[in-house]
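# Topology and contacts: notes
What follows is each chain in one-letter form.
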Amino acid sequence: MKLALFGAEGKVGAVLLPLLARAGHEVKAIEIGDEPDVRGLDACVDFTTPEAAPANVRAALEQGVSCVVGTTGWDPQPLHELAAANGLRLFVAPNFSIGAVLMMRFAREAAAFFPRAEIIELHNEAKKDAPSGTARATAELIGGDTVIHSVRLPGLVAHQEVIFGGEGQLLTIRHDTTARESFAEGVLLALQKLDTLPPGLTVGLDTLL
Ligand code: NAP
């Protein structure tokens, strides 16, 4: 596919760019300050910031280009109509790592059997949003008043623990992203399945597995 990658010099973008190329995609790198000219491309991928992503996605949709978005901490719902009206796809996933998606799925299953759960999410200190999109999505799946604790420290990549407490027992479900390569597999899957999605907004890698 002919792609644009918004945030190509970021921590995720820099890892993603060569992996997208290796998978056979032709990639135009777009950094902050570049004109978001994506007309004629097959899709855009965005790993930028919560401030930049809405404008990037809007620009892409207005130019007739579908989007795969990993940026967290913003609400894509207002762009659903624009995508749907133009027959385009807007795919957003708070986590593109398949292990993390399974962690969320297992947490949803466990929630039926435990009265309480708390989430600890741990990320690199540069991450701008807290709690993480993955933690918020997990809390929604579990339901109730699930408390989220956010840790931001150097040395971390992306980690999450969901601790379920019951009478005389604890269940901990944990996922560790140790390298950003783990996100590439999910992004490639989303690009491969993009055309099979209904026009408009689709949220979550789970919908593609
Ligand atoms: P990062 O290192 O801060 O990278 C963001 C990049 O986007 C930077 O290079 C930044 O440039 C650039 N940028 C800012 N505004 C832009 C614009 N208008 N157009 C194009 N590029 C722009 O962050 P990261 O760790 O790569 O993460 C990026 C986003 O993805 C965050 O929201 C993070 O939470 C999310 N994320 C999602 C997943 C997932 O699986 N869904 C996984 C990891 C991260 P400057 O540095 O010059 O400002």
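Reference entry: report on the structure contained in this document.

The rules behind each value
- Residues numbered from 1 in each chain as written.
- Predicted model: local features only at pLDDT ≥ 70, side-chain atom pairs only at ≥ 80, totals over all residues.
- Heavy atoms only, no water.
- Near = heavy atom within 4 Å.
- Polar contact = N/O pair within 3.5 Å; in protein donor to acceptor, adjacent residues only side chain to side chain.
- Areas by Shrake-Rupley, 256 points an atom, 1.4 Å probe, with all protein chains shown as cover.
- Nonpolar A, V, L, I, M, F, W, Y, C, P; charged D, E, K, R; others polar.
- Axes fitted to C-alpha atoms, helices over the stretch in contact; angles between N-to-C directions.
- Helix = DSSP H or I, 4+ residues; strand = E, 2+ residues; numbered from the N terminus.
- Parallel < 35°, antiparallel > 145°, perpendicular 65-115°, else oblique.
- Left-handed = near helix turned anticlockwise from the far one by under 90°.
- Contact = heavy atoms within 4.5 Å.
- 1 Å grid on protein atoms, 1.4 Å probe; cavity = no way out; pocket = protein on both sides within 12 Å on 5 of 7 lines; lining within 4 Å.
- Points joined across faces, edges and corners; volume = space filled by probe spheres on them.
- Domains from an automatic or database assignment.
- Salt bridge = Lys/Arg side-chain N within 4 Å of Asp/Glu carboxyl O.

## Let's talk about the site of the ligand
Near the ligand lie 22 residues; those nearest to it are K11, V12, T72, F96 and K127. Interatomic distance of 3.1 Å between a side-chain N/O atom of E31 and an oxygen atom of the ligand. K127 is positioned such that a nitrogen or oxygen atom in its side chain is 2.7 Å from an oxygen atom of the ligand. Taken by itself the ligand offers 920 Å² of open surface, and the protein chains cover 77% of this. Each residue belonging to the shell around the ligand can be placed in one class, and the counts come to nine nonpolar, eight polar and five charged.

## Quick notes on the packing of helix α1 (residues 11–22) against helix α6 (residues 182–193)
At a minimum axis separation of 10 Å, α1 and α6 run at an interaxial angle of 55°. As summarised for this structure, α1 and α6 are arranged oblique, according to the angle between their axes. Like other packed secondary-structure pairs, α1 and α6 cross with a definite hand, here right-handed. Seen from α1, the contacting residues are V12, L16, L19 and L20; seen from α6, they are F183, A184, V187, L188 and L191. Class assignment for the residues of the contact of α1 with α6 results in nine nonpolar, no polar and no charged.

## Here's the deal with the layout of surface pockets
If a probe the size of a water molecule is rolled over the atoms, the empty space left behind becomes visible. In this structure, the largest pocket spans a volume of roughly 920 Å³. Taken together, 39 residues form the lining of the largest pocket, with K11, V12, F47, T48 and T49 sitting closest to its centre. Contributing elements (two or more residues each) for the lining of the largest pocket: α1 and α5 (133–142). The dominant element in the lining of the largest pocket, judged by the number of residues it contributes, is α1, at three residues. The residue inventory of the lining of the largest pocket, partitioned by class, reads 15 nonpolar, 16 polar and eight charged. Domain assignment of the residues forming the lining of the largest pocket places at least three in each of domain 1 (2–92 + 181–208) and domain 2 (98–177). In this model, the second largest pocket occupies a volume close to 570 Å³. Forming the walls of the second largest pocket are 27 residues, and the residues nearest its centre are P94, G133, A137, V203 and G204.

## Examining the pattern of salt bridges
In the structure shown here, the tally under the stated rule is seven salt bridges. R116 serves as the salt-bridge partner of E118, at 3.1 Å between the closest nitrogen and oxygen. R174 is paired through a salt bridge with E161; the nearest N and O atoms lie 2.7 Å apart. Placement of R174 in strand β9 (residues 169–177) and of E161 in strand β8 (residues 158–166) is noted, with a sequence separation of 13 residues between them. Beyond isolated ion pairs, a larger network of salt bridges with shared partners links E161, R174 and D176.

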